[in-house]
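# Descriptive structure summary
So the chains spell out like this:
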Amino acid sequence: MRPPALWLTVVLVPALGACACPRRCPPAPRLARAAAPAPASPAPAAVRPAERPPARAEAWYLGDGTPTDLEGALAAVSDADLIAFGELHGHPAGAAAQLALLRRLAADGRPVALAMEFFERDTQAVLDAYLRGEVPSEQLRKEARLGPDYPHTHGPLIDFCRERGIPVIAANAPRRLVTAYRKSGADFEAFRGAQPDGDLAWLPRETSVLEDAYRERFLALMGPERGPAFFRSQSLWDDAMAEAVADFRAARPAHRVLLIVGGFHVAHGEGTLTKYRLRRGKDEVRILLMSPAPAPASDLAFLPADLGSADVVLKVRMRHAPRPNPQGPQPTPPAAPP
């Protein structure tokens, strides 16, 4: 609304000596005209307090803590055979960075493929049909068991691959089989041998439970009661993803692969990447890892816990405060372990 106009109020003063008599009165003496008042000086403008710059939504660092930007981050990882993007599930900063990285990889000449933790191996057929334009997105979402966040998180990646003819690897073992393995208590060879032929292709050919720092971090996060059993299934999950990417690279060595996966699986080069190196130890591997600030209002500083965790670290604010962790801020594991 426009402010009301300021109007100069004119005061009408009766003439001096005016009377009420009906006779003609002598003319009133002429008054000297008063000099016009000098215009008032404009009031000094109010001094506004210094405005604080908006808080950063994200900050990029190289693995040694050197600040960089998106372009520098992409350049630091793009020359590898396998680029692992360890995300915080559903975080919008991750979705934007993933698409930017995939676009860069697709533009610089070397063939690229996309591998996804979030597509299970038994959905590869419907995924391929979608990439060929043979089925609609609704059918893909239903048959691939994709969650409600898919259209604005991983959906743009898949659609970009569809437009550019980029292969996509459904990398994970089906959750139902991984959960069944955990609950069975059997060793993997016995469990695998008891599965129907139709399910064997969805399981890795082998898996192992390693005694390493990755296991210790997982047990600290999950607790001593649940941790050991769940780590068996976590290890199977890691072997499945590592095998799927390794098999693709063996068949198409000219391609590099961008793997989108939960950050806990690849932080410090462990988990899935340990299992990958057991299969393809000569491949160049780079890690881009999302790392949450320890509190929603804290600065996005590179922390000692970030050092050595990845080749590139993307610091972001959590949408909700993370649970306390005695070992400091950690990449999140899968939202619901299998």
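Described below are features of the structure shown in this document.

Analysis parameters
- Residues numbered from 1 in each chain as written.
- Predicted model: local features only at pLDDT ≥ 70, side-chain atom pairs only at ≥ 80, totals over all residues.
- Heavy atoms only, no water.
- Buried < 20%, exposed > 50% of the residue type's maximum accessible area, 1.4 Å probe, protein only.
- Helix = DSSP H or I, 4+ residues; strand = E, 2+ residues; numbered from the N terminus.
- Arc of directions from axis to C-beta.
- Contact = heavy atoms within 4.5 Å.
- Pairing = 2+ DSSP bridges.
- Axes fitted to C-alpha atoms, helices over the stretch in contact; angles between N-to-C directions.
- 1 Å grid on protein atoms, 1.4 Å probe; cavity = no way out; pocket = protein on both sides within 12 Å on 5 of 7 lines; lining within 4 Å.
- Points joined across faces, edges and corners; volume = space filled by probe spheres on them.
- Phe/Tyr/Trp six-rings, centres within 6.5 Å; stacked < 30°, edge-to-face > 60°.

## Description of helix 1 (residues 70–77)
Looking at helix 1, one finds that the buried residues are Ala73, Leu74 and Val77. What you see down the axis of helix 1 is that its buried residues fit within an arc of 95 degrees, all on one side. If you follow the buried residues of helix 1, they end up packed against strand 1 (58–62), strand 2 (67–68), strand 3 (82–87), helix 2 (92–107), strand 7 (285–292) and strand 8 (312–316).

## Quick word on the sheet that holds strand 4 (residues 112–120)
Read from one edge of the open sheet, 8 strands run 2-1-8-7-3-6-4-5, paired in mixed fashion. A strand with exactly one partner marks an edge of an open sheet, and here the two such strands are strand 2 and strand 5 (168–172). With 5 bridges joining them, strand 1 and strand 8 adopt antiparallel strand pairing. Bridge pairing in strand 8 places Tyr61 opposite Val313. The strands that helix 5 (residues 155–164) touches are strand 4, strand 5 and strand 6 (256–262); relative to strand 4, the one it contacts most, it runs at about 140 degrees.

## As for empty space enclosed by the protein
Summed over the entire model, instances satisfying the criterion amount to 3 cavities of 30 Å³ or more. For the lining of the largest cavity, the secondary-structure elements that each account for two or more residues are helix 10 (227–251) and helix 11 (272–279). If one sorts the elements of the lining of the largest cavity by residue count, helix 10 sits on top with 3 residues. If you add up the space inside the second largest cavity, you get close to 40 Å³. Taken together, Glu87, Leu88, Gly90, His91, Gly94, Ala95, Gln98, Thr153 and His154 make up the full set of residues lining the second largest cavity. For the lining of the second largest cavity, the element with the highest residue contribution is helix 2, accounting for 3 residues.

## Brief notes about the packing of aromatic side chains
One pair of aromatic rings is described through two measures. These are the centre distance and the angle between the planes. Within the structure shown, the criterion is met by 8 aromatic pairs. Consider the rings of Tyr61 and Phe302, whose centres lie 5.3 Å apart with planes at 55 degrees: the pair is tilted. Placement of the pair is Tyr61 in strand 1 and Phe302 in the loop between strand 7 and strand 8, with a sequence separation of 241 residues. We note that Tyr61, like Phe302, is buried. Centroid distance Phe119 to Tyr150: 6.3 Å. Interplanar angle 80 degrees. Geometry classified as edge-to-face.

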